[in-house]
Amino acid sequence: VQVVESGGGLVQPGGSLRLSCAASGFTFSRYDMSWYRQAPGKERELVAGITYTGGRTNYADSVKGRFTISRDNAKNTVYLQMNSLKPEDTAVYYCNARYFEFLRLVDEYWGQGTQVTVSS
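Everything numeric in this text was worked out from a predicted model, so none of it was measured.

Enquirer: Just to check I follow, could you spell out the side chain of threonine 51 for this structure?
Expert: Within the secondary structure layout, threonine 51 lies in the loop between strand E5 (45-50) and strand E6 (57-59). Threonine 51 has contacts with Asp32, Arg56 and Arg71, leaving out every residue within four places of it along the chain.

Enquirer: Help me out: how do you make sense of unusual backbone geometry in this one?
Expert: The phi torsion at phenylalanine 102 lies on the positive side, around 50 degrees, for a residue other than glycine. Looking at where phenylalanine 102 falls in the secondary structure, it is placed in the loop between strand E9 (91-101) and strand E10 (104-110). Phenylalanine 102 gets classed as exposed once you look at its relative accessible area, which sits at 83%.

Enquirer: Any chance you could explain the packing of aromatic side chains here in plain terms?
Expert: Note on aromatic pairs: each is described by the distance of the centres and the angle between the planes. Overall, the coordinates contain 5 aromatic pairs when judged by the stated rule. Each residue in the set Phe26, Tyr31, Tyr99 and Tyr109 is aromatic and connected to the rest through ring pairs, giving one cluster. Taking the ring centre of tyrosine 94 as reference, the NZ or CZ of arginine 44 above it sits at 3.7 Å. Directly above the ring of phenylalanine 28 sits arginine 71, whose terminal nitrogen or CZ lies 4.4 Å from the centroid.

Rules used in this analysis
Residues numbered from 1 in each chain as written. Predicted model: local features only at pLDDT ≥ 70, side-chain atom pairs only at ≥ 80, totals over all residues. Heavy atoms only, no water. Helix = DSSP H or I, 4+ residues; strand = E, 2+ residues; numbered from the N terminus. Contact = heavy atoms within 4.5 Å. Buried < 20%, exposed > 50% of the residue type's maximum accessible area, 1.4 Å probe, protein only. Phe/Tyr/Trp six-rings, centres within 6.5 Å; stacked < 30°, edge-to-face > 60°. Lys NZ or Arg CZ within 6 Å of the ring centre and 35° of its normal.

The following block contains the structure:
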């Protein structure tokens, strides 16, 4: 199993980045996918999530209207488009995959993270 994030980097405030998370080794189309982030000295927090069909998404209040999560089940990839970035978006961003059966979590994978730094 592999969950590999990419697309992080250094960007100026107001700029944009697109993160990608490529998955392999499991049936991607059956897994709900999420992006989390963790800033130095803070707990990991949910940024955005998308159901396995892509039919529903949810966002942290702090990123609503600026970030968009999407997925391509044919490419086993989930994306996070981040616009109007702010210094407080600086964090390591992690990709998470979860499989539920009858509302019970039965499987979960994490990526290694990608650093996003928003600074002038």
